[in-house]
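Coordinate analysis (summary)
Residue-level listing of the chains:
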Amino acid sequence: MIEVENLTKKYGELIAVKNLNFKVEEGKIWGFLGPNGAGKTTTMRILTGYLPATEGKAFVGGFDVFEKPMEVKKITGYLPENLPLYPEMTVYSYLNFVAQIKGVPSKKRKERIEMAIEKSRLEEVRNRLIRNLSRGYKQRVGIAQALIHDPKVLILDEPTMGLDPAQIVEIRQLIKSLKGEHTIILSTHILAEVTQVCDGVVIINEGKLMASGSLEELASSFADKEGVSIKLKKTGEEVINGIREINGVENVVQKNGDIEIEWKKGIDLRDEIVKKILEKNWGLLEMKPLTLSLEELYLKVISGR
Amino acid sequence: MRNIWAIYVKELKSYFTSPMAYAVIAIFTLISGFFFYSLIWWFNSQSLYYSSNPYWASQLNINQMVYSPLFGNMSIVLLLMLPVLTMRLFAEEKKMGTEELLYTSPLTVNQIILGKYFAALTVVLVMLGVTGIYSIFTFVYGNPELNPILTGYLGLFLLGAAFVSIGIFFSSLTENQIVAAVLSFGALLLLWIINWLSSASGPTWREILEYLSFFRHFDELTRGVLDTTDIFYYISFSFFGLFLTYSVIQSRKWR
C-alpha cells in the first residue's frame, strides 16, 4: 500500500532523510520509530505531498506521490505533529470544512462527520469551540479530521504526544480499532506504543533506515543468543551452579527470583535443563522463552549493533 | 469551484466570527462618515454663499465638491485598513500549522488563493456598501449625477481588489501577521506616491511611473471617466499580486 524507494530529502546542506526504503502492506499498522530529529516527520510530510523529495520515489495506494499528488491526497488522511485546528471553529463546523476540502460529496458529508465524531468519541464536545477543548480532545479532533474522508491510508505523526496515560490508552485503542480498514503509519518515540499497536516497525536514525520488518522478524534477526527464563521453588548458589554445568549454557543470571539462561543460537537446551531440574527435585514453577525486548532491540539498532 | 467555495466560506466565517471584520468595517465607515459629514457641511456653507450670485450658483457641483474629494479620502482609508484585513490570510495558516491541512488536501494552490481572495473582496464590498447609505441622503436632499458616483465606487472596489492582492502576497511571505501588514502597507504607499518621481525623470520613465501609480488611474474614475485602460490596470494588478502569491506558495516544491 505504501512503498518508498531510495527517498532522500535535503534541506540545503542538511540531509534529513537519506536513501530510505520500506514497504507497508495493506491493512497493517506500521510504526515509525526513531529518536527526535531522525527524519520521521520529514518522511511523513513527503508521503502526504506536503514536501517534495530531493530524490527517490514514493507510492501511496499505487499512485506516485510526485506525479499524481491529487490522487494520493484523496486517499490519505494525515494527522500532523502540530494539530492543524482552527480555534475559532466548533468541532462540527471544523469537521464539515475538512470534509468539504477533502472532497466528500455533499450527500455523504453528514454521515461521514457523524462517523468521525463517533469513532473519535467527540459526541460531548461537537458544538464546542476548538479553542476551549483540552489537549486530549484536540488530539481526537485531529484524528477525526484525518478519518473524515474514509481514507485508505492514515499517516499519524506522534498521535499520542502530550496526552495523559489514560488518554494515551484510549487513542491507542482507537488506532487499533482502525486496523484492517485502513493502512496506518504512525510515528512515535515511545517503544511500548509500537509493541502494543503495530504489526511492524521501521527504525530510522539520522535519516537513515536502521531496520524494518515485523516485530518477530526483527527480534530474531538481531538476537545472537537464545534462552529461557525459569522460576524454581528452590533457589540459591547450588541451583545456579548446577545449571551452569549443563553443556552449552553460556550465561546464567538471577533476576528478581527468575533465572535467565542463555545459550548459543541454533541449539535447544530446554530438554536438558528440565531433565536436570527434575533430577535434582528443584520444583519447576515456570518456564518461558527469553525474547529480545523492543527496548533492547531499539538500542541495539540505533547504536549500530 | 466547490473547493474555492469551501475556502471562501471558511475565510468569511473567520472574518465575521472574530472582531477583525467588524473593527475594519466600523472604522472605515466611521472615518468615511466623518469625511462625508465635513464635506457636506462645507458644501452647504459654500451653497449659502454662492446663492447670492446666480452665475456662481450654477457652478455649484456636488459631485466635484463632495464626491470627488470623498472618494479620494476613502481610498486613503482603504490603503490604511486593507493590509490589516489581508495580513492573516496566509500568515496565520502558517503560524498555526493549518497550512499543512490545506496543502495535504486535494486542493490546488489556485483554489486556496482564490477562495481567500474572494473572501477579502467580499469584506471590501460590505465596507463600501455601508458607505453607500451616505449617498442616499444626497439624492434625497439634492440632485447629484449618478454616473460619477458609480464609477467612483467602481474605482474604490478595483483599488481595493488590487490592495487585497498585494496584501495576500505579503501574507504568503511570512508567518508574522504584523510583518505582513507593514510590508503591504509600505508597498501600497510606495505604489501610491510613485508618480511624484515622474516630474523628476525622463519622458519614458515619466510615462511608466505615471502608469504604475494607483493615484492617476483612480483620479480618472472619480471624475466619472470610465476608461478601459484604468480598469485593465487594476485587474492586471490584481492578477499580478495573485500570481506572485501563487509563485511563493509553489516555491515550497523546490525549496
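Residues numbered from 1 in each chain as written. Chains lettered and ligands numbered in written order. Predicted model: local features only at pLDDT ≥ 70, side-chain atom pairs only at ≥ 80, totals over all residues. Heavy atoms only, no water.

This brings us to the overall build of chain B. A tally of regular secondary structure across chain B gives twelve helices and zero strands. From first element to last, N terminus to C terminus, chain B shows the α and β order α-α-α-α-α-α-α-α-α-α-α-α. Overall, the C-alpha framework of chain B stretches about 70 × 50 × 30 Å when taken along its three principal axes. Here chain B holds 255 residues, and 51% of them are scored as buried. A fraction of 75% describes how many contacts in chain B between residues 6 or more apart in sequence connect residues 24 or more apart. As presented, chain B carries roughly 12,300 Å² of accessible surface, and 71% of it is formed by carbon and sulfur atoms. Across chain B, the 13 positively charged side chains and the 13 negatively charged ones have centroids separated by 10 Å. (Helix = DSSP H or I, 4+ residues; strand = E, 2+ residues; numbered from the N terminus. Buried < 20%, exposed > 50% of the residue type's maximum accessible area, 1.4 Å probe, protein only. Contact = heavy atoms within 4.5 Å. Areas by Shrake-Rupley, 256 points an atom, 1.4 Å probe, with all protein chains shown as cover. Lys, Arg positive; Asp, Glu negative; His and termini not counted. Charge placed at Lys NZ, Arg CZ, Asp CG, Glu CD.)

Moving on, we come to the packing of aromatic side chains. The way to describe two aromatic rings as a pair is by their centre distance and the angle between their planes. All names here are of chain B. For the coordinates displayed, the defined rule picks out 17 aromatic pairs over all chains. Both rings, one in Y233 and one in Y234, keep their centres 5.1 Å apart while their planes meet at 75 degrees; by these two values the pair is edge-to-face. An aromatic cluster of three or more residues is present, and its members are Y211, Y233, Y234 and F237. Positioned over the ring face of Y15 is R88, at 4.9 Å from the centre of the ring. Directly above the aromatic system of F90 lies the positively charged group of K116, at a separation of 5.0 Å from the ring centroid. (Phe/Tyr/Trp six-rings, centres within 6.5 Å; stacked < 30°, edge-to-face > 60°. Lys NZ or Arg CZ within 6 Å of the ring centre and 35° of its normal.)

We now examine the interface of chain A and chain B. Listed as interface residues are 28 residues of chain A and, on the opposing side, 24 residues of chain B. Of the roughly 2,300 Å² buried between chain A and chain B, counting both surfaces, carbon and sulfur atoms make up 59%. Contact with chain B buries area across many residues of chain A, yet Y50, Y86 and I101 of chain A alone supply 29% of it, more than any other trio. Where chain A touches chain B, the interface holds one salt bridge. The closest approach of N and O atoms between E100 of chain B and R45 of chain A, which form a salt bridge, is 3.0 Å. (Buried area = accessible area lost by both parts, 1.4 Å probe. Salt bridge = Lys/Arg side-chain N within 4 Å of Asp/Glu carboxyl O.)

Interfaces are often described in size by the accessible area the parts lose on coming together. All names here are of chain A. Under the domain assignment, chain A is made up of domain 1 (2-215) and domain 2 (223-302). One C-alpha centre belongs to domain 1, the other to domain 2, and the line joining them spans 41 Å. Facing the twelve residues of domain 1 at the interface are five residues of domain 2. Both sides of the domain 1 and domain 2 interface together cover about 760 Å² of buried area, and 84% of this is carbon and sulfur. Counting the surface domain 1 buries against domain 2, the share from its top three residues, L191, I203 and M210, is 54%. Where domain 1 touches domain 2, the interface holds zero salt bridges. Linking domain 1 with domain 2 are zero residue pairs in polar contact (both at pLDDT 80 or more), by the criterion used here. (Domains from an automatic or database assignment. Polar contact = N/O pair within 3.5 Å; in protein donor to acceptor, adjacent residues only side chain to side chain.)

Moving on, we get to the environment of A166 of chain A. Residue and element names in this part refer to chain A. Structurally, the position occupied by A166 is in helix α6 (residues 165-177). According to the relative accessible area criterion, A166 is exposed, its value standing at 54%. Distance from A166 to A16, taken between C-alpha atoms, is 34 Å for residues 150 residues apart in sequence.

Residues and elements named next belong to chain A. Here helix α4 (residues 106-119) is 14 residues long and its end C-alpha atoms lie 20 Å apart, about the 20 Å a rise of 1.5 Å per residue gives. Among the residues making up α4, those that are buried are R109, R112, I113, A116 and I117. The buried residues of α4 occupy one face: seen down the axis, they fall within an arc of 135 degrees. Exposed residues lying more than 90 degrees from the buried face of α4 are K107, K110 and E118. Residues of α4 that are buried in the fold lie against α3 (91-101) and α5 (135-147). Directly beyond the C-terminal end of α4, a positive phi value near 50 degrees is found at R121. (Expected span 1.5 Å × (residues − 1). Arc of directions from axis to C-beta.)

Another aspect to go through is the environment of Q139 of chain A. Residue and element names in this part refer to chain A. Within the secondary structure layout, Q139 lies in helix α5. On the basis of relative accessibility, which here comes to 1%, the residue Q139 falls in the buried class. In the structure, Q139 is positioned 21 residues away from T160 in sequence and 7.8 Å away in space, judged by C-alpha atoms. Excluding anything up to four places from it in sequence, Q139 contacts L79, L83, E158, P159, T160, M161 and L163.

The next point concerns unusual backbone geometry. All names here are of chain A. Phi at N6 is positive, roughly 50 degrees, even though this residue is not glycine. Along the chain, N6 falls in strand β1 (residues 2-11). Despite not being glycine, R121 has its phi angle at roughly 50 degrees, a positive value. Tracing the backbone through its elements, the reader meets R121 in the loop between α4 and α5.

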